[in-house]
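Here is what each chain is made of, one letter per residue.
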Amino acid sequence: MTTRLLPALALLLPAGLLAGEISVFRAYVDSDLCARLMLGPITPSRIQCSQSTVKEGSEPVVVHLRNNLVLTVNKQKMIRDLAGQLVEVSGEMKAKNGTVKLQSANVITAESVPQGDPARKLLDVRTYRTDKSAQLHEKIRHELAMMPYISEFDFISFTQSGVDVILTGWTIRSTNRSTAYNVVKDIPGVETVINNIDVLPLGSLDMQIRAAARAALQRQLSRYFWGNGSDIKIVVKNGQIILLGTVSTKADSDIAFIQCNSVSGAFKVFNLLRVQGSEKKGA
Amino acid sequence: MCHRTTRFSYLAAALVTVLACSRPASQFGLKRMSAGQEFSGFLSTYANLKPSQEVESTVSYVSQDPIKNVHKYVAVIVEPPVVYLATDADEKALPDRGRTALAEYFQHAITEAVEDAFPIVQASGPLVLRLRSAIIGVDVGPAMPADQKDGKSLDRAINIGKVGVEIEFVDSETGQQIAAAVDRQNLGENAMVGSVSFSREEQFRAATQAFDGWAKRLRDFLDSAHQLSKDDVARTEATNFPYASPPTPK
């Protein structure tokens, strides 16, 4: 039996059937953080987000230009300095796991992607322009904002491409993930919904960080916490704090960052708070 | 010396075997209602309870403290329910495995009702509530007819015709009561549990319906407590924006 199998294996191996298949594709080098927040067109603010968060320690990932698929890589060093740039990647891709074993990553220009190539989808903001999109966008935004179990520890975002919606963000409650999907799916005009909302683990260290961060922010920036909600979102994942939402001034954003940095057990704080009225500057 | 050691080993092995084979004590506590008392004494306090506006024969409490209220917690520990016998019930006649089945069913029902809104965790800590519950007024029912018996049947049925439930959410670290409710229902004479697999038997449907109903009410309470107020809606609408760029018209 074994003697019969061995020649068969020897024949299969060179054909690449047992080894992983090597793919070559065009991608955008992003940070895990921004990829989950800002799936959609590659705009200057997104490039700035990618570069600054990778610099601050967020894991670099590649986003397949053809389908918005976020892929974590085995050799982060190879792409760390390429954040915010387009690359041609070769490697063993496992779409189901969202991973790629990198062999090479070479910088390319947007112009080198031919017109009409599906990979241009992410590059071209016109992909995200349709007559009804603005109304639909507002409707989706409204429905997601009205979800009852959203706390200061959840952040649900989305990207709209015509009738397709990609849900992104983080939540501590699985009900938010399913509710977001269901409410958006039921909105007239939405055809497909891709649910990339990450349900966060509730480890005791993360819980302590959440409680401490909220207490610290409420002490210093109480005006952003109201009734049962807040303008500042505190996403905690494996000891990292991601600050999201909107504040009135840069000083408040800095205070929030300093307060969260002093939280015991938190080893990294990503300050992605937007300052009101300065979104265009990439705040 | 060697013989003594061998003998001791045999004894130890026998003791281990006996312990392993003995029935484990039920994790669900058993207590008795005191005579003439309105409440069982299970809740940490009854002082805050007021008649519910929404549900008949229910008294409830929801903390309005801006720092310690149900919104400020994100996970829950579900404690095994405690069973309280009716004042004059014969404890020895109450089948232990039936009581366990009853408590297990209720624990499962309330866990299922809350878990996607309040993820279940095992350790107490900040942002974690503890859900305590008790089934009050369980009584011993009639002997089960011999012709209806199988391996899962109880010798004596458990009468739950006049049971109620007492439930509270407390802060898992301090024990402070955050919300509580006491609900009584007259389920009628036919509300019995006569089998450990009662939830699958039509004749005990009144029992499963009652426990499912209480579990649903618990979830309804959490849902209503999380509805956004008018002010919250306005503020959320004004501040909640996605990070990705909105589409621009053609």
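Our structure is the block above this text.
Residues numbered from 1 in each chain as written. Chains lettered and ligands numbered in written order. Predicted model: local features only at pLDDT ≥ 70, side-chain atom pairs only at ≥ 80, totals over all residues. Heavy atoms only, no water.

### With respect to the state of the cysteines
Residues and elements named next belong to chain A.
Alright, step 1. Under the definition given, this model contains 1 disulfide over all chains.
Alright, step 2. The side chain of Cys34 participates in a disulfide bridge whose partner is Cys49; the two sulfur atoms lie 1.8 Å from each other. Between Cys34 and Cys49, the disulfide has an S-S torsion of -90 degrees and is therefore left-handed. Of this pair, Cys34 sits in helix α2 (residues 32-37) while Cys49 is found in helix α3 (residues 44-55), placing the two residues 15 residues apart along the sequence.
Alright, step 3. A relative accessible area of 8% places Cys49 in the buried class.
Alright, step 4. Cys49 supplies the cysteine sulfur nearest to Cys260, a cysteine that is in no disulfide, at a spacing of 17 Å.
Alright, step 5. In this structure Cys260 comes out as buried when scored by relative accessible area, which is 0%. (Disulfide = S-S within 2.5 Å. Helix = DSSP H or I, 4+ residues; strand = E, 2+ residues; numbered from the N terminus. Buried < 20%, exposed > 50% of the residue type's maximum accessible area, 1.4 Å probe, protein only.)

### Concerning the sheet that holds strand β1 (residues 22-31) of chain A
Residues and elements named next belong to chain A.
Alright, step 1. Taking strand neighbours around the barrel as the criterion, the 5 strands line up as β1-β2-β3-β5-β4 in a closed arrangement whose pairing is mixed. Recorded for the sheet is a direction-independent mean angle of 50 degrees between the axes of neighbouring strands.
Alright, step 2. In the sheet, strand β3 (residues 70-73) pairs with strand β5 (residues 99-108) via 2 bridges, with the strands oriented parallel. Residue pairing across strands places Thr72 opposite Thr99, the latter belonging to β5. (Pairing = 2+ DSSP bridges. Axes fitted to C-alpha atoms, helices over the stretch in contact; angles between N-to-C directions.)

### Let's talk about the interface of chain B and chain A
Alright, step 1. At the junction of the two partners, chain B supplies 36 residues and chain A supplies 48 residues.
Alright, step 2. Summed over both partners, the interface of chain B with chain A comes to about 4000 Å²; 56% of that surface belongs to carbon and sulfur atoms.
Alright, step 3. Across the chain B-chain A interface, the total number found is 2 salt bridges.
Alright, step 4. When the shortest N-O distance is used, the salt bridge between Arg141 of chain A and Glu237 of chain B registers 3.3 Å.
Alright, step 5. Looking at the side of chain B that touches chain A, the elements that each hand over two or more residues are α3 (205-225) and α4 (230-239) of chain B. (Contact = heavy atoms within 4.5 Å. Buried area = accessible area lost by both parts, 1.4 Å probe. Salt bridge = Lys/Arg side-chain N within 4 Å of Asp/Glu carboxyl O.)

### So, unusual backbone geometry
Alright, step 1. Even without a glycine there, the phi angle at Asn238 of chain A is positive, about 50 degrees.
Alright, step 2. Residue position: Asn238 of chain A is located in the loop between β12 (232-237) and β13 (240-247).
Alright, step 3. Positive phi outside glycine occurs at Leu127 of chain B, with the angle close to 70 degrees.
Alright, step 4. Within the element layout of this structure, Leu127 of chain B appears in the loop between α2 (96-114) and β6 (128-143).

### Looking at the pairing of strand β3 (residues 58-62) of chain B
All names here are of chain B.
Alright, step 1. Note that strand β2 (residues 50-51) and β3 share 2 bridges and pair antiparallel. Counted as the bridge partner of Lys50 is Ser60 from β3.
Alright, step 2. Connecting β2 to the next strand, β3, in antiparallel fashion are 6 residues, including Ser57 with a positive phi near 50 degrees.
Alright, step 3. As paired strands, β3 and strand β9 (residues 177-184) are joined by 5 bridges and run antiparallel to one another. Of the residues in β9, the one forming a bridge with Thr58 is Asp183.

### Comments concerning the packing of α2 of chain B against α3 of chain B
All names here are of chain B.
Alright, step 1. Following both chains from N to C, one finds α2 and α3 inclined at 30 degrees, their axes separated by 9 Å at the closest point. Judged by the angle between their axes, α2 and α3 are roughly parallel. For the pair α2 and α3, the crossing hand works out as right-handed. Touching Leu102, Tyr105, Phe106, Ala109, Ile110, Ala113 and Val114 of α2 are Thr208, Phe211, Asp212, Trp214, Ala215, Leu218, Arg219 and Leu222, all from α3. (Parallel < 35°, antiparallel > 145°, perpendicular 65-115°, else oblique. Left-handed = near helix turned anticlockwise from the far one by under 90°.)

### A look at the pairing of strand β4 (residues 75-78) of chain B
All names here are of chain B.
Alright, step 1. Alternating residues of β4 divide into Ala75 and Ile77 and Val76 and Val78, and every residue in both groups is buried.
Alright, step 2. In this structure, β4 lies alongside β6, joined through 4 bridges in parallel fashion. Within the sheet, the bridge partner assigned to Val76 lies in β6 and is Leu129.

### Looking at the side chain of Asp154 of chain A
Residues and elements named next belong to chain A.
Alright, step 1. Considering the arrangement of structural elements, one finds Asp154 in the loop between α5 (133-145) and β6 (155-161).
Alright, step 2. Within the buried set, Asp154 has no salt-bridge partner at all; the shortest N-O distance to an opposite charge, 4.4 Å, is to Arg173.
Alright, step 3. Within the local environment of Asp154, its side chain forms a polar contact with the backbone nitrogen of Ser151, the two atoms lying 2.7 Å apart.
Alright, step 4. For Asp154, the side chain forms a polar contact with the side chain of Thr171, separated by 2.7 Å.
Alright, step 5. Beyond its immediate chain neighbours, meaning those up to four positions away, Asp154 contacts Tyr149, Trp170, Thr171, Ile172, Arg173, Asn176 and Lys233. (Lys, Arg positive; Asp, Glu negative; His and termini not counted. Polar contact = N/O pair within 3.5 Å; in protein donor to acceptor, adjacent residues only side chain to side chain.)

Note that all results are geometric; they support no functional claim without further evidence.
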